[in-house]
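Chain residues, written in single-letter form:
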Number of protein chains: 2
Amino acid sequence: MPRGFRDRRGSEIAAERGFIDTIRRVYESYGFEPLETPAFEYTDALGKFLPDVDRPNEGVFSLKDDDSQWLSLRYDLTAPLARHVAEHFQSLPKPFRRYQVGSVWRNEKPGPGRFREFTQFDADTVGSASPAADAELLMMTCDTLEALGLKRGEYVVKMNSRKLLDGVLDAAEIHVSQRGTVLRAVDKFDRLGEHGVELLLGAGRKDESGDFTKGAGLDPAQIRQVMELLTGTGAGYRQAPAFHDLKAILDVLRSGGYDEDRVATDTSIIRGLDYYTGAVFEARLTFPVTNDEGESIIFGSVAGGGRYDDLVARFTGQQVPATGISIGVSRLMNALKGRAPSSLASLVVVLALDDVHGSFAMSAELRAAGLRAETYVGTKKFGDQLKYADRRGAAIAVIEGGDERAKGEVTLKDLALGTELAKSVESRADWVQERRAQVTVKRERLVEEVRAMLAGKV
Amino acid sequence: MPRGFRDRRGSEIAAERGFIDTIRRVYESYGFEPLETPAFEYTDALGKFLPDVDRPNEGVFSLKDDDSQWLSLRYDLTAPLARHVAEHFQSLPKPFRRYQVGSVWRNEKPGPGRFREFTQFDADTVGSASPAADAELLMMTCDTLEALGLKRGEYVVKMNSRKLLDGVLDAAEIHVSQRGTVLRAVDKFDRLGEHGVELLLGAGRKDESGDFTKGAGLDPAQIRQVMELLTGTGAGYRQAPAFHDLKAILDVLRSGGYDEDRVATDTSIIRGLDYYTGAVFEARLTFPVTNDEGESIIFGSVAGGGRYDDLVARFTGQQVPATGISIGVSRLMNALKGRAPSSLASLVVVLALDDVHGSFAMSAELRAAGLRAETYVGTKKFGDQLKYADRRGAAIAVIEGGDERAKGEVTLKDLALGTELAKSVESRADWVQERRAQVTVKRERLVEEVRAMLAGKV
């Protein structure tokens, strides 16, 4: 498999499905409509939306189509939305409120937990300049995080206005060509702290691995002005007109009972994309998360977004106000390990000994009763069959040998109890010796007895 | 948008989700485990599995990775499975029974209803040579089609053995280099009939559009031998050893009550892929389907598969028996238009007139009661708001003007009844004149009255 990609199986897929179904249920309850777009977009269409305008197509998988036009795999779900809106502007309901969930691809250096294909879940409202549209997205984000099992106080949605930063950049006379680098630098405030960001605003910064990132090249006075905004120590920012927009959003939220414990302003929230024009949002977990190395870490952002009133105009020339938020599903799942809202149902494996027809009849009967049941379809060896059931993580094995059948009985083996044992069993004779984790029942009571054994395990 | 791709919205997405959820529920009830693989595979890995071995990478989207290795988007879900099995052979349960649903990409000439990205749903059993494994897939296919709403008699799963054809190709001394073309020709028997296939087995065939397809170049005696198999007129084929395998599969099916009305043998079933080694399957609809031009057509195959015992060996050198079936989800949905097992819930739009906070409170109340409800977040114009609700296909608009609020009332407008009307309403004053499709109720009875109006429409 190419590097930076991965296969996933069983419970991980079921967990992601549970997350996605839960988010979708909340978004649909708010009346957002699903949209699906293809994996491919024209490269020149995508290029207009890339975060790093200085390096178009950096980080994108691209190929040439048969008619010599360049195609790219979508990098996010915002560019396809803007393209869809531009293509169908007349016929769309306005505002157009859509959600989209799907894979995005980034042709970047992979690392631990950093993949080149991952799942995003976006909601956007296109065609409304109203603060109510932003407020709605934030209410929906709170409802979603709670539907996923987070309690009040375990998350907070932070909000800021990009106009505040723009005001500072104007006041400090920072050139347009430097602003992309400045944005990416201040967006790392959370992770690198004051000193790290100061280095990135100036000459540059060397990280622990020795890699050097070139800075924005600001002078010390400019750096001070930017840092005052981030640390909230500057004078007068609270009077900026940007605060009026934020206040209008907060009014809707507060009146709906979404208080400071759930949505709060924070002037250090920037978001790295240069297309934001107004409010920016970021949802964070407030509790420490244990990473794969067993260390307790501050996990940071699990969702982010903001208002981007100029983006659709890059396609159509027509100004269309828009706002959106994106949940990083894979990131969120990683943070909420063990809280998955869904998993695969318990499995029953019916062994196939000398009467495969009888085994199929039993698994069909169990399925008809709503249970998850299969007949073993591999080799005839008893030990292989039991090992298979164990490796599948099955809850119960159903066994009907010739003796049992003659007496109209079947044996149910509780595999959770008997797991250790099963590994050492090589023959049916060995196994018959061991009766701890099993029970023999009447064949006609199969469904009831399997249900009872499953219930006993809950 | 690049040609051959498409966007999808609302009800079409909900319908596909309903199909996929239903198939998944049946497959999981049979104990099949989900697998997800990335969009990309190494091109050389994929090449081993392409249907047309004479033209490797024909029809595949490929690009060069940064380290100069060629990557391709998956063409089907079988090659990624074989690669996964080869990578994880030791740790997998055996047999390994997995399902996978997802997009596949084909770099082919698009046409009406023929896209370059579409959804497949596959189930495969790897590591079992038992006819029970094939039989299980066929039972599951029948159960799935019925779970999707097809009645007995509306579908039939046909079965054949590739060994029968191989026997004929051997007997007729057809060279290995010609067999790929022969396979693709006989696979078109259903669509082109006897004469068309005879042309493709010989010098070639010109289609209605004038395109010429080169034939396999068989001589008349060879053509006759192949045609006898397809038309069932040949002597002695029923005595072939291939029939023993088919008989063993049928035994399991018949004992489980899957009779000839659901699964039947048919010597004209070939399946075009050259990697099949034994039983091949094809599920067909038996009723005429109306196409987009309003014509009644025989729809043909909605699922197909077979046994491919040599495929994993192309990776590992190790012979691993395997069998599988693939449902063309987009094709099946197209055939079952109007039978979708799921759709979006009815939508309630709460207009935002002079008290947006009050409107948000109402939509929140409706959502808390399990309904799908939104507050309008666009412009303030009343006519725009009602047009929006209409364009969204909302069932009900909730209206609370100043007068209503003073009296502690709200107005519910039944949009299905009032659709034509709403289009011509430009102001609240116009609208107040028209009372046919609306009712004014107590604000505190909002949820009950909305429920009652929705129930009246079912």
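Residues numbered from 1 in each chain as written. Chains lettered and ligands numbered in written order. Predicted model: local features only at pLDDT ≥ 70, side-chain atom pairs only at ≥ 80, totals over all residues. Heavy atoms only, no water.

Caption draft 1: Structural view of the relation of the copies chain B and chain A. Of the two same-sequence chains, chain B is brought onto chain A (RMSD 0.1 Å, axial shift 0.0 Å) by a rotation of 180 degrees. In the structure described here, the two chain copies are related by an operation that fits a two-fold rotation axis. Distance from the rotation axis, computed per C-alpha, reaches its smallest value in chain B at Leu63(B): 2.9 Å. The fraction of interface residues of chain B whose copies in chain A are also interface residues reaches 100%, indicating that both copies meet through the same surface. (Least-squares fit on C-alpha atoms with pLDDT ≥ 70 in both. Contact = heavy atoms within 4.5 Å.)

Caption draft 2: Up close: the interface of chain B and chain A. Across the contact, 79 residues belong to chain B and 79 residues belong to chain A. When chain B packs against chain A, close to 6800 Å² is buried across both sides, 54% of that on carbon and sulfur atoms. Its largest share of buried area at the contact with chain A, chain B owes to Arg9(B), Glu36(B) and Val377(B), together 10% of the area lost on that side. Scanning the region where chain B abuts chain A turns up 16 salt bridges. Counting the contacts that link chain B with chain A gives 40 residue pairs in polar contact (both at pLDDT 80 or more). (Buried area = accessible area lost by both parts, 1.4 Å probe. Salt bridge = Lys/Arg side-chain N within 4 Å of Asp/Glu carboxyl O. Polar contact = N/O pair within 3.5 Å; in protein donor to acceptor, adjacent residues only side chain to side chain.)

Caption draft 3: Quick look at the side chain of Asp7(B). Here Asp7(B) lies in the segment before strand E1 (8-9). Within polar-contact distance, the side chain of Asp7(B) engages the side chain of His84(A) at 2.7 Å. (Helix = DSSP H or I, 4+ residues; strand = E, 2+ residues; numbered from the N terminus.)

Caption draft 4: Examining the side chain of Glu154(B) more closely. Residues and elements named next belong to chain B. Here Glu154 is to be found in the loop between helix H4 (131-147) and strand E8 (155-161). Reaching out from Glu154, the side chain makes a polar contact with the backbone nitrogen of Lys151 at a distance of 2.8 Å. Look past the residues within four positions of Glu154 in its chain and what remains in contact with it is Gly149, Arg284, Leu285, Thr286, Phe287 and Arg339.

Caption draft 5: Region of the structure containing unusual backbone geometry. Residues and elements named next belong to chain A. Across the junction of Lys94 and Pro95, the peptide omega takes the value 0 degrees, indicating a cis bond. Locating Pro95 in the fold gives a position in the loop between helix H3 (78-88) and strand E6 (96-105). Here Glu173, not a glycine, exhibits a phi torsion of approximately 55 degrees, which is positive. With respect to the secondary-structure elements, Glu173 resides in the loop between helix H5 (162-171) and helix H6 (176-186). For Glu173, a relative accessible area of 69% puts it in the exposed group. (Buried < 20%, exposed > 50% of the residue type's maximum accessible area, 1.4 Å probe, protein only.)

Caption draft 6: Representation of the pairing of strand E15 (residues 301-307) of chain A in the model. Residue and element names in this part refer to chain A. Among the seven residues that make up E15, seven are buried, leaving the element largely enclosed by the rest of the structure. Bridge count between strand E12 (residues 279-285) and E15: five bridges; the pairing is antiparallel. Bridge pairing links Val280 to Gly306 in E15. Pairing geometry for E15 and strand E16 (residues 322-328), over five bridges, is antiparallel. Its bridge partner being in E16, Gly305 is matched across the sheet by Ile325. (Pairing = 2+ DSSP bridges.)

Caption draft 7: Fine view of the environment of Phe40(B). Among the structural elements, Phe40(B) can be located in strand E3 (residues 40-42). Taking relative accessible area as the criterion, Phe40(B) reaches 1% and is therefore assigned buried. Setting aside residues no more than four positions away along its own chain, Phe40(B) makes contact with Pro2(A), Phe5(A), Phe61(A), Leu73(A), Trp105(A), Leu63(B), Leu71(B), Ser72(B) and Leu73(B).

Caption draft 8: Main features of helix H12 (residues 356-368) of chain B. Residues and elements named next belong to chain B. Between its first and last C-alpha, H12 extends 18 Å over 13 residues, near the 18 Å set by a 1.5 Å rise per residue. Every buried residue belonging to H12 is among Gly358, Ser359, Phe360, Met362, Ser363, Leu366 and Arg367, and all of these are buried. Immediately downstream of H12, the backbone of Gly370 shows phi near 90 degrees, a positive value. (Expected span 1.5 Å × (residues − 1).)

Caption draft 9: Local environment of the packing of H5(A) against helix H8 (residues 220-231) of chain A. Residue and element names in this part refer to chain A. Packing of H5 against H8 brings their axes to within 9 Å, and their N-to-C directions diverge by 160 degrees. Comparing their axes, H8 and H5 come out roughly antiparallel. The handedness of the crossing between H5 and H8 is right-handed. Residues Leu164, Leu165, Val168, Leu169 and Ala171 of H5 touch H8, and the partners they reach there are Gln225, Val226 and Leu229. (Axes fitted to C-alpha atoms, helices over the stretch in contact; angles between N-to-C directions. Parallel < 35°, antiparallel > 145°, perpendicular 65-115°, else oblique. Left-handed = near helix turned anticlockwise from the far one by under 90°.)

Caption draft 10: Structural detail: the packing of helix H5 (residues 162-171) of chain B against helix H6 (residues 176-186) of chain B. Residues and elements named next belong to chain B. At a minimum axis separation of 12 Å, H5 and H6 run at an interaxial angle of 125 degrees. The orientation of H5 relative to H6 falls into the category oblique. The crossing of H5 and H6 is right-handed. Across from Arg162, Leu165, Leu169 and Asp170 in H5, the residues of H6 making contact are Arg179, Val182, Leu183 and Val186. The class makeup of the residues in the contact of H5 with H6 is five nonpolar, no polar and three charged. (Nonpolar A, V, L, I, M, F, W, Y, C, P; charged D, E, K, R; others polar.)

Caption draft 11: Spotlight on the sheet that holds strand E3 (residues 40-42) of chain A. Residue and element names in this part refer to chain A. Strand order in the open sheet formed by three strands is E3-E5-E4, with antiparallel pairing between adjacent strands. Each edge of the open sheet carries a strand with a single partner, namely E3 and strand E4 (62-64). The mean inter-strand angle of the sheet, taken between neighbouring strand axes irrespective of direction, is 35 degrees. Relative to strand E5 (residues 70-73), E4 runs antiparallel, the two sharing three bridges. If you follow Leu63 over to E5, its bridge partner there is Leu71.

Caption draft 12: Looking closely at helix H7 (residues 189-201) of chain B. Residue and element names in this part refer to chain B. With 13 residues, H7 extends only 11 Å from end C-alpha to end C-alpha; this falls clearly short of the ideal 18 Å at 1.5 Å per step. His195 marks where H7 bends most, by close to 80 degrees. Buried-residue contacts for H7 involve H6, strand E9 (204-206), strand E10 (212-214) and helix H8 (220-231). (Bend = angle between axes of the 7 residues up to and from the residue.)

Caption draft 13: Up close: the packing of aromatic side chains. All names here are of chain A. Evaluated as defined, the whole model comprises 21 aromatic pairs over all chains. Ring centres 5.7 Å apart and planes at 55 degrees place the aromatic pair Tyr275 and Tyr308 in the tilted group. Taken together, the residues span a long stretch of sequence, with Tyr275 in the loop between strand E11 (263-265) and E12 and Tyr308 in the loop between E15 and helix H10 (313-316) at a distance of 33 residues. The exposure class of Tyr308 is buried, given its relative accessible area of 3%. (Phe/Tyr/Trp six-rings, centres within 6.5 Å; stacked < 30°, edge-to-face > 60°.)

Caption draft 14: Looking closely at the pattern of salt bridges. Here the structure, examined in full by the defined rule, presents 66 salt bridges over all chains. In this structure, Asp65(A) engages Arg116(B) in a salt bridge whose closest nitrogen and oxygen atoms are separated by 2.9 Å. Residue Asp65(A) is found in the loop between E4 and E5, and its partner Arg116(B) is found in the loop between strand E6 (96-105) and strand E7 (117-126); the two belong to separate chains. Residue Arg116(B) is classed as buried on the basis of its relative accessible area of 1%. One salt bridge in this structure joins Lys158(A) and Asp266(A), with 3.0 Å as the shortest N-O distance. Taken together, the residues Lys158(A) in strand E8 (residues 155-161) and Asp266(A) in the loop between E11 and E12 connect sequence positions 108 residues apart. Where salt bridges share partners, they join Arg9(A), Glu374(A), Arg392(A), Glu33(B), Arg97(B) and Glu136(B) into one cluster.

Caption draft 15: Inspection of the sheet that holds strand E17 (residues 347-350) of chain A at higher detail. Residues and elements named next belong to chain A. Read from one edge of the open sheet, five strands run E18-E17-E19-E20-E21, paired in mixed fashion. Unpaired on one side and paired on the other, strand E18 (372-375) and strand E21 (438-442) mark the two borders of the sheet. Within this sheet the neighbouring strands show an average axis-to-axis angle of 25 degrees, counted without direction. Across four bridges, the pairing between strand E19 (residues 396-399) and strand E20 (residues 409-414) is antiparallel. Note on E20: the bridge partner recorded for Ile399 is Thr411.

The values are spatial; any link to function lies outside them.
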